[in-house]
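Residues per chain are reported as follows:
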Amino acid sequence: MKITGGWAALRRDLEGTIERLFALPPEDNVEFDSLLRPDELDRLGYLRNFPHLTCLMCAIDEADLPAFAAGRRLDSGYAPPATRLGLLPATCYKVYLDLEGQTLPGPVRVGCVARCFRHEDKPLDRYRGYNFTMKEIVCLGSAEDARAHAEDGAARIARLMAALEVPFAFEAATDPFFDASSSVAVLSKAAPTKREVVVAGRAIASINLHRNYFGAKFGIRIGPAPVHTSCVAFGLERWIAMVQERFESPDAVRARLATLDAQPAPGEPAFA
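Definitions and cut-offs
Residues numbered from 1 in each chain as written. Predicted model: local features only at pLDDT ≥ 70, side-chain atom pairs only at ≥ 80, totals over all residues. Heavy atoms only, no water. Axes fitted to C-alpha atoms, helices over the stretch in contact; angles between N-to-C directions. Helix = DSSP H or I, 4+ residues; strand = E, 2+ residues; numbered from the N terminus. Left-handed = near helix turned anticlockwise from the far one by under 90°. Contact = heavy atoms within 4.5 Å. Nonpolar A, V, L, I, M, F, W, Y, C, P; charged D, E, K, R; others polar. Disulfide = S-S within 2.5 Å. Core = buried A, V, L, I, M, F, W, Y, C linked by side-chain atoms within 4.5 Å. Buried < 20%, exposed > 50% of the residue type's maximum accessible area, 1.4 Å probe, protein only. Expected span 1.5 Å × (residues − 1).

Visitor: Is there a simple way to think about the packing of helix α1 (residues 5-21) against helix α9 (residues 236-244) in this case?
Guide: For any two helices packed against each other, one specifies the inter-axial angle together with the distance between the axes. Two elements in contact, α1 and α9, have axes separated by 10 Å at closest approach and are oriented at 115 degrees. In terms of crossing hand, the pair formed by α1 and α9 is right-handed. Every residue of α9 that contacts α1 at W7, L10, R11, L14, E15 and I18 is listed here: L236, E237, W239, I240, V243 and Q244. A class-by-class count of the residues in the contact of α1 with α9 yields eight nonpolar, one polar and three charged.

Here it is in structure tokens:
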């Protein structure tokens, strides 16, 4: 996946557009690294849901260093004996780990961005890669706060798509953020917890309700109760691929984004 010239600058501009669209002040935005300890990756529940997508980072074993220093070639048959770190599959996970054990004074929103990694089991193309940049707006609060954030996110995405004049749809998705054995996963079968923003068959963003799964798992509370969480996630490289197919230049995209100050367009509800 390669983004060059003005399109690379547009990706940075798009991140700023999302922050303004969600009215996030600079102090509410954070950039995370892409590393997880193995125990963190395990506690998140990602391995139970997506072992085939999980990426791990290893180091050359100390006993093998002299051989590589002498010119040994690295090939796919080399298997380091220990896993040192896991690679982040979704930016919002860092928010829950960062707030672990805390009691919040009230509902909060966090804008966050990180490079994420997934060992994709589908063909790679301009929309799908092993690593990508995920920008998210995360809400932690009551059940009502989390749902309102999801619905608000849907309306703001509709406003953005109206400015770009790009047709889209919300479609239910089935890949959960949480442990497939949890009660939240069972509930999600009856009521959707994830909707994707789909353009011409391609998902470019998602809206996710986690209920109180992460609040309970990581001891994040408001008062005595675990927080409920939701997030609105944007795959920035996917957005660039989408606009490159529809606009002649980055400036043409910027001209459309400049109309975001106009009256917001009504959005289809993300969750019925």
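So much for the structure itself; the text now carries on.
Visitor: Just checking my understanding: could you explain the state of the cysteines for this structure?
Guide: A covalent bond bridging the sulfur atoms of two cysteines is what the word disulfide describes. According to the stated counting rule, one finds zero disulfides in the structure shown. The thiol of C116 is unpaired, and the distance to the nearest cysteine sulfur, on C92, comes to 8.6 Å.

Visitor: Looking at this structure, I do not really get the nonpolar core. What am I missing?
Guide: Soluble globular proteins tend to bury their nonpolar side chains together. Counting residues in hydrophobic clusters, the biggest one holds 37 residues, and the most contacted among them are L164, F234, W239 and M242. At the level of elements, α1, α6 (143-164), β8 (194-199), β9 (202-211), β12 (228-235), α9 and α10 (250-257) are the ones that each hand at least two residues to this core. In terms of residue count, α6 provides more of this core than any other element does, eight residues in total. Contact partners of L164, with chain neighbours within four places excluded, come to W239, M242, F247, V253, R256 and L257. Listed in part, the 31 residues of the second largest apolar core include L36, M134, Y213 and V227.

Visitor: Got a minute to help me understand α6 in this structure?
Guide: The periodicity of an α-helix, 3.6 residues per turn, causes residues three or four places apart in sequence to face the same way. Between its first and last C-alpha atoms α6 spans 32 Å; for 22 residues at 1.5 Å apiece the expected length is 32 Å, and the two agree. Within α6, burial applies to A146, H149, A150, G153, A154, I157, A158, L160, M161, A163 and L164. Note on α6: the residue one or two positions beyond its end, E165, has a positive phi of about 60 degrees.

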